[in-house]
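For reference, the chains in residue letters:
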Amino acid sequence: MPYLFNTPEQQQEMLKTIGVDSLESLFATIPSELRLGRPLEIPPALTEMELQAHVTRLAAKNVGPTSRVCMQGGGAYDHFIPAAVDEIAGRGEFYTAYTPYQAEASQGSLQTFFEFQSLICQLTGMDVTNASLYEGGTCVSESAFMAMRVTNRHNRVVLLGSLHPEYQQVVETYLTHLNCEVVVVPCLDGAADPAAVDAAMNEETACLVIQHPNFFGTLEEAEQLTEIAHKYGALSVVSYDPISLGILNRPGDYGADIAIAEGQSLGTPLQFGGPYLGLFSCSEKFVRRMPGRLIGQTVDRNGKRCYVLNLQAREQHIRRDKATSNICSNQGLIAIRAAVYLALLGKQGIREVAELCCQKAHYAAEQLATVEGIELLYPERPFFKEFAVSCSEGADYLLRKARQAGFDLGPELSRFEYQQAPEKFQTGVLVAITEQRTRSEIDQLVTALKA
Amino acid sequence: MRNKLATESLFALSKPGRRGAEFPAADVPERPLSELIPTSALAEKPTGLPEVTEPDVIRHFVNLSTLNMCVDTHFYPLGSCTMKYNPKRHERLASLPGIVDLHPYQDQSDLQGMLGMLYEMQEMLAEISGLPAVSLQPAAGAQGEFTALLTAKAYFEDRGEKRTKVLFPNSAHGTNPASAAIAGFDCVQLASSQEGLIDLEDLKAHLDDQTAVFMVTNPNTLGLFEKDIKQIAQMVHDAGGLVYIDGANMNAILGYTRPGDFGGDMMHFNVHKTFTGPHGAGGPGSGPIAVRDFLADYLPGPVINYHPDAAETEQYTLETPAKSIGRVRTFYGNIGILVRGYCYLRTLGAAGLKAVSENAVLNANYLKALLKDVLPVPNGNLCMHEFVASASKSKAANGITAMDIAKRLLDFGFHAPTVYFPLVVPEAIMVEPTETESKETLDAFAETIIKILKEDPEFLHQAPHSTIIQRPDEVVAARNPILQCCEPQ
C-alpha cells in the first residue's frame, strides 16, 4: 500500500503505548456478530503503472472532442481554457487545502474566494456573490428557497418553460414534496410570452425564474419579465450564461434580485457533467438570507486587512435545522478556476470571447439553414451562441450524419419532457458554437450534411 | 519574504490596456453586433473585470497559494473531516483525454468506457456499504443526505404512510438536521448517553408511528463505534422507520463492518474524504448514496445499468429508476471526483482498504494515548479513527482554551485540529490523524501540544505569532460585511 507509513515494528511499538496487543483488538468495540468476516469483494489492487494502463484503456473506449468536434450545448460548453488556469488549480496549496475555518492558515484560499466573489459581482452587476454552490441546476432550487424566505411566500414559484429541462426537474424534486406548487409557463415559440407569464403570476408567488439566454439559446425579454415579477411582489431570478455577459446587459443592470448561473464555461473542462460551479449572486438587502459560504474582509488584531468566513450564523454548522440551506461545501477549486479565468480574460477578453461565440454561432446558423431539410426552429428570435434547428428527416438522422462526419451536435430536444411540447420538438436539435469552432469546421459540417 | 505587491487585490493590480489572454480575430464574416442582438439587450458599457497580464495572474495566485496550509505541505489533523494524502496519480488520470473532455450529452455508445467505470464504482460502493443499490448523483455529502431522505419519503408515501419525523443524536453533523428540514421533516434531537453513545431510552421515548428516519453517524462524531447499533436499528425498524448512516466516518471501518450489515437502510459516502478526492479548499465533494433493494426504485436518476448480452457499444446505459424521486442535480454527478475515488479503490483493493482503517485507528489511538494526561478524552476507552479531547482542564487551571492551542499549533507548522465540535464536549479538540501520517509526525505533534500547554497563557491568547495575520476580527466582519473589493459598476 503506497500511502501507509507505519512499519510492522512501529505498529508494535504504538500498540504497546496504547496498551493493546494487536491491530484487531483496536476494533474491539465492534461486536463480533457485526464483523464482515471475509474480504471485501472488489477487484484486486493495481500498482500505479497498472492503474494508468487500465484507466487509459477505459478512456480510449470513449469518444470525446479529441476525436470529434464538439458543437454540443444544453448547459455544458466546450470553451477554451488557458493553460494558466490548470497551472494554478493544480497547485497542491489550493487543491489539498480544507475549508478555510482557520483564517490564519488559509489566507490564500480566503483572498482568492473573496476575489472570486468580486469578479462575479463585476461580471453580473450584482451586489453580493457567495463563494459558490454545487452547480447551475441546484442554484435554481436554492434561489427559490431564498425567495420564499425573503417574500415569506412558501407555496408557489413560477418558472419559464424555456428554463433548462433538467433544472426544472431539480426544482421539482426539491420543492414539490414541500407542497410548494411549481408552475411552469409553457414555452411555445422559443421564448416566453410575457402575457402568459403575467397570467401565471399572482400575489402568492415567491419568484419568477428566467433563463436568459434560455435553453433554446434565444434571448428573453429579461427586463420586462423582471418588471412583471416585481409587479406581483415576487423576486426576479435570472439564470444567465456567464460568457454572454461579455456583450449582454447584466442582471444587476435590469433589476434582477437573484442572479444564478452554471459557471462551467469559466475555465472548467466538460468532464462528463461535473464537478461544475454554481454561481449565486443577490442584492445586498437579501444577504443574510443567502445560502452558502461567504468570505468577508476584516482586520486582524493588529489592524491588518485580512479575510474570514463571514456571516456563518446562516450556516448549518451553527444554525442546524434553521440554516438557510444544508449546503456545507462550496466548489472551492472550481471557483478558483473561474477566478483565474476571469482575471486572465479581463474586460477586453470576456468581450472578445462573447463576440466570437456570437458571430460564429450566427454564421453557423445561417450556413446550416442552407442545408435542405434543416431549418432554424426559431428564425425570428435573437440568440447568443446556441440555437435550435429541426431536421425533416428526424433528430436522430441529423445527429448520426453529423457524427459520421466527425461532429457532435445536440442534445436533441426529444430527450427531455416538456409541458405542452410543440410538434417540432420531436425533430429539434440544439447546436452550440463556442469561440473554439472555426469557419472551416462549420463549413465542413455543412458540406457533409449536404452530401 | 513576502511579495506584498503580488498579493494586492487583482483590482489594485489592474491597469487599463493590460491583457492576460488574447483571442484570434473572427474567421467568419462579421456583422455589427446590433444586427445580431437587439440593442436593448446589449450592455451599454464593458464589465468591471480587472486588466492584468498573464504573469501578473500567475504571480498573484502563486503568492496567494503560499499563504495556505494544506495536506501537501502540513499535518492536518482535522477531526470529522478526514484530511488524508491526495494521491497525485489521480490528478493525472482524471485529466486524461477521453475522461476530462466528455460532454454529458454524448451518445451512450461513445461513453462505454466512462459508464463502465462508473458502473464498477456503483458496484464497489454497494459491496463496501452492504447496500445493493447506488446512485452516484449527489454532489456532496449533504446532498446525499437530502437525496436519501427524499428517497425514504417517496417509499413511505408509496406505502400510504405519512411519516413526519427525523431523529438524530445531539452530536450529529449540522447537515443532518438541515437536510431533514429542507426535505420537509420535523427534526427531533436526541440526548447522548454518559458514554457518548446514543441513549437507548431517549431513542425509545421518541420512536413512534411518525418516525420516518433515524440518522446516525457510525462511528459517531466522538470517534466511537455505536456498539448497540444492531439493537438501535431493530428498534427503529420495529417502529416502521428507516435507519440512515451518515458515511462521514467510513474510513474507520472499511472491510471490518458494513452499514448494511449493522442495520442501516441508506447511507452516503463522502468520496472527497474517505476515498481521497481533494478538498479544494471547500470542494468539490461527491456524495453518492447506497440503499437497500426495496428503496432502489426511488433513487434519483439516472443510474448506470449493465446489460451483459447487449452489443459492446450498448452494454452500459443510463436509466431512471421506475419510481424515481427525480433529479437532484443536472447531468450525472461530480464525475471528476468519482474518477479519483475509483482510482483510489482500484489502487487499494480489499486488503488495502482494510489496512487503511487499521492504520487510521492505530494512529488515532496512539495519538490519544500520547495526549491522555494533558488533554483527556471524556468519552470512550478505545476510539476509532478520531477522538474528541477536552481542554476544560487546562482552561480551568490556567485559562488555556481549545482555541489557544489550535492557534498556537499553527506557529509550529501544524494545522489546527477541529475545535468546539461536537457541541456535546466542552472545549472540544477533535483530532483525526488519518492513516497517511507517520509515527514520527504524531510524536512531534504530541510533543508540541505538551510544550504549548506549558507556555504563558497570555502569550497563547495572542497566538498565532508567526502567521501572516493574527486573530481576525469576525465580529466586525459580520456587523459590517465587506463581501467584494469594489463598488458595483
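Residues numbered from 1 in each chain as written. Chains lettered and ligands numbered in written order. Predicted model: local features only at pLDDT ≥ 70, side-chain atom pairs only at ≥ 80, totals over all residues. Heavy atoms only, no water.

Undergrad: Explain the overall build of chain A here, please?
TA: Within chain A, the regular secondary structure consists of 13 helices and 14 strands. Within chain A, contacts between residues at least 6 apart in sequence are counted, and of these 71% link residues at least 24 apart. For chain A, the exposed area adds up to about 14,700 Å²; of that, 47% sits on carbon and sulfur atoms. (Helix = DSSP H or I, 4+ residues; strand = E, 2+ residues; numbered from the N terminus. Contact = heavy atoms within 4.5 Å. Areas by Shrake-Rupley, 256 points an atom, 1.4 Å probe, with all protein chains shown as cover.)

Undergrad: Could you clarify how one ought to interpret the domain arrangement of chain A in this entry?
TA: You'll often see interface size given as the accessible area lost when the parts meet. Residues and elements named next belong to chain A. Under the domain assignment used here, chain A contains domain 1 (69-80 + 346-450) and domain 2 (83-341). For domain 1 versus domain 2, the separation of C-alpha centres amounts to 27 Å. Here domain 1 packs against domain 2, burying approximately 2,700 Å² in sum over the two surfaces, 64% of which is carbon and sulfur. It is Ile350, Arg381 and Phe384 in domain 1 that bury the most area against domain 2; as a group they hold 21% of the surface buried on that side. There are 2 salt bridges connecting domain 1 and domain 2. Here Arg381 makes a salt bridge to Asp189, at a shortest N to O gap of 3.6 Å. The tally of links between domain 1 and domain 2 comes to 6 residue pairs in polar contact (both at pLDDT 80 or more). Sort the elements by how many residues they give to the side of domain 1 that touches domain 2 and helix α11 (residues 332-368) lands first, with 7 residues. Its residues placed into classes, the side of domain 1 that touches domain 2 shows 21 nonpolar, 5 polar and 6 charged. (Domains from an automatic or database assignment. Buried area = accessible area lost by both parts, 1.4 Å probe. Salt bridge = Lys/Arg side-chain N within 4 Å of Asp/Glu carboxyl O. Polar contact = N/O pair within 3.5 Å; in protein donor to acceptor, adjacent residues only side chain to side chain. Nonpolar A, V, L, I, M, F, W, Y, C, P; charged D, E, K, R; others polar.)

Undergrad: Would you mind going over the sheet that holds strand β2 (residues 165-169) of chain B with me for this structure?
TA: By definition, the strands of a sheet pair up through backbone hydrogen bonds, in either a parallel or an antiparallel sense. Residue and element names in this part refer to chain B. A sheet is described by the order of its strands in space; here 7 strands give the open sequence β1-β7-β6-β5-β4-β2-β3, paired in mixed fashion. If you trace the sheet from one side to the other, it starts and ends with β1 (133-135) and β3 (186-190), each paired once. Looking at each pair of strands side by side, their axes are set apart by 20° on average, direction ignored. Sheet topology places β2 next to β3; 5 bridges connect them, and they run parallel. By the bridge assignment, Pro169 is partnered in β3 with Leu190. Seen against the sheet, helix α5 (residues 112-129) touches β1, β6 (266-269) and β7 (289-291) and runs at an angle of roughly 120° to β6. Together, β2, β3, β4 (211-217) and β5 (242-247) form the strand contacts of helix α7 (residues 175-182), whose direction differs from that of β3 by roughly 155°. (Pairing = 2+ DSSP bridges. Axes fitted to C-alpha atoms, helices over the stretch in contact; angles between N-to-C directions.)

Undergrad: I keep staring at helix α6 (residues 136-151) of chain A and nothing clicks. Help me out?
TA: Each α-helix turn comprises 3.6 residues. Residues three or four places apart therefore point the same way. All names here are of chain A. Here α6 spans 23 Å end to end across 16 residues, near enough to the 22 Å set by a 1.5 Å rise per residue. Burial analysis of α6 places 14 of its 16 residues in the buried class, which makes it a mostly covered element. Two or three places before Gly137, at the start of α6, stands the capping residue Glu135, its side-chain oxygen 3.2 Å from that residue's backbone nitrogen. Taken from the residues just after α6, Asn152 is the one with a positive phi, measuring 55°. (Expected span 1.5 Å × (residues − 1). Buried < 20%, exposed > 50% of the residue type's maximum accessible area, 1.4 Å probe, protein only.)

Undergrad: Would you mind going over the interface of chain A and chain B with me for this structure?
TA: With 185 residues of chain A at the interface, the matching set in chain B holds 208 residues. Summed over both sides, the interface of chain A with chain B buries roughly 17,000 Å², with 61% coming from carbon and sulfur. The largest share of the area that chain A buries against chain B comes from Tyr3(A), Glu104(A) and Phe272(A), three residues that together contribute 6% of it. For the pair chain A and chain B, the interface holds 13 salt bridges. Between Arg403(A) and Asp110(B) there is a salt bridge, with the nearest N and O atoms lying 2.8 Å from each other. Here chain A is connected to chain B by 94 residue pairs in polar contact (both at pLDDT 80 or more). Per-element tally for the side of chain A that touches chain B: the top contributor is α11(A), with 25 residues.

Undergrad: When you look at the confidence of the model for chain B in this model, what are you seeing that I'm missing?
TA: Interpretation of the predicted coordinates at a detailed level should be avoided for regions scoring low in pLDDT. The pLDDT averaged across chain B works out to 96; a share of 99% of its residues lies at or above 70. Scoring the predicted complex yields pTM 0.98 and, for the interface, ipTM 0.97. (pLDDT = per-residue confidence, 0-100.)

Undergrad: What exactly am I supposed to notice about the pattern of salt bridges here?
TA: Per the counting criterion, the structure on display carries 47 salt bridges over all chains. With a closest N to O distance of 2.9 Å, Asp241(A) and Lys385(A) form a salt bridge. Of the two residues, Asp241(A) sits in the loop between β6 (235-240) and β7 (258-262) while Lys385(A) sits in the loop between β11 (374-376) and β12 (386-391), which places them 144 residues apart along the sequence. Judged on exposure class, the residue Asp241(A) and its partner Lys385(A) are both buried. Across the pair Arg408(B) and Glu455(B) runs a salt bridge, and its minimum N-O distance is 2.7 Å. With Arg408(B) in helix α13 (residues 402-411) and Glu455(B) in the loop between α14 (439-452) and α15 (457-461), the pair connects residues that are 47 residues apart, well separated along the chain. For the pair Arg408(B) and Glu455(B), one class covers both residues: buried. Each of Arg38(A), Glu127(B), Arg258(B) and Asp261(B) takes part in one network of salt bridges that share partners.

Undergrad: Could you clarify how one ought to interpret the UniProt feature "domain: Aminotransferase class V" (unreviewed entry) in chain B in this entry?
TA: Taking the numbering used here, the UniProt-annotated feature "domain: Aminotransferase class V" (unreviewed entry) corresponds to residues 164-282 of chain B. In residues 164-282 of chain B, the share of helix is 24% and the share of strand is 23%. The end C-alpha atoms are 32 Å apart. (UniProt positions renumbered as here; feature names shortened; annotations may be inferred.)

Undergrad: Before we go on, may I ask you to explain the state of the cysteines in this structure?
TA: Note on terminology: disulfide describes a covalent bond linking the sulfur atoms of two cysteines. A complete count under the given rule lists 0 disulfides over all chains for this structure. Not engaged in a disulfide, the cysteine Cys187(B) finds its nearest cysteine sulfur in Cys328(A); these two sulfurs lie 16 Å apart. For Cys187(B), a relative accessible area of 23% gives the class partly exposed. (Disulfide = S-S within 2.5 Å.)

Undergrad: Just to check I follow, could you spell out the pairing of strand β9 (residues 294-299) of chain A for this structure?
TA: For a regular strand, side-chain orientation follows a simple rule: the groups alternate between the two sheet faces. All names here are of chain A. Buried residues dominate β9, accounting for 5 of its 6 residues. Pairing geometry for β9 and strand β10 (residues 305-310), over 6 bridges, is antiparallel. Looking at the pairing, Val299 lines up with Arg305 of β10.

Undergrad: I'm lost on the packing of aromatic side chains in this one. Help?
TA: Any pair of aromatic rings gets described here by the distance separating the centres and the angle formed by the planes. Within this structure, the stated rule accounts for 31 aromatic pairs over all chains. Between Tyr119(B) and Tyr306(B) the ring centres are 5.4 Å apart and the planes differ by 40°, which places this aromatic pair in the tilted class. Taken together, the residues Tyr119(B) in helix α5 and Tyr306(B) in strand β8 (residues 303-306) connect sequence positions 187 residues apart. Looking at Tyr119(B), the relative accessible area reads 18%, which means it is buried. Pairing Tyr155(B) with Tyr298(B) gives two aromatic rings, centres 6.1 Å apart and planes at 80°, and the pair type is edge-to-face. Taken together, the positions of Tyr155(B) in helix α6 (residues 141-158) and Tyr298(B) in the loop between β7 and β8 put the pair 143 residues apart, joining distant regions of the chain. Three or more aromatic residues joined by ring pairs make a cluster, and in this case those are Phe215(A), Phe216(A), Tyr276(A), Tyr378(A), Phe416(A), Tyr418(A), Phe425(A), Tyr105(B) and Phe331(B). Sitting over the ring of Phe185(B), Lys153(B) keeps its end group 4.9 Å from the ring centre. (Phe/Tyr/Trp six-rings, centres within 6.5 Å; stacked < 30°, edge-to-face > 60°. Lys NZ or Arg CZ within 6 Å of the ring centre and 35° of its normal.)

Undergrad: Could you clarify how one ought to interpret empty space enclosed by the protein in this entry?
TA: The probe, sized like a water molecule, is rolled over the atoms to show the empty space still left. All names here are of chain A. With the rule as written, the count across this model stands at 7 cavities of 30 Å³ or more. In this structure, the largest cavity spans a volume of roughly 240 Å³. Taken together, 22 residues line the largest cavity, and the ones lying closest to its centre are Tyr77, Gln211, Pro213, Tyr240 and Asp241. Within the residue set of the lining of the largest cavity, elements represented by two or more residues are β6 and β7. Here the lining of the largest cavity is composed, by residue class, of 9 nonpolar, 9 polar and 4 charged. Here the second largest cavity defines a volume of roughly 70 Å³. Surrounding the second largest cavity, Gly161, Gln168, Val184, Pro186, Cys187, Phe216, Glu417, Tyr418, Gln419, Gln420 and Phe425 form its lining. (1 Å grid on protein atoms, 1.4 Å probe; cavity = no way out; pocket = protein on both sides within 12 Å on 5 of 7 lines; lining within 4 Å. Points joined across faces, edges and corners; volume = space filled by probe spheres on them.)

Undergrad: Help me understand the domain arrangement of chain B, please; the structure alone is not making it clear to me.
TA: Taken domain by domain, chain B holds domain 1 (4-63), domain 2 (90-347) and domain 3 (351-475). Just the C-alpha atoms count here: the centres of domain 1 of chain B and domain 2 of chain B sit 42 Å apart.

Undergrad: Quick question: what am I supposed to make of the environment of Cys486(B) here?
TA: Secondary-structure assignment places Cys486(B) in the segment after α16 (474-479). Along the sequence, Cys486(B) and Ala12(B) sit 474 residues apart, while their C-alpha atoms lie 9.9 Å from each other. Sequence-distant contacts of Cys486(B), that is, excluding residues within four places in its chain, are made with Gln122(A) and Phe11(B).

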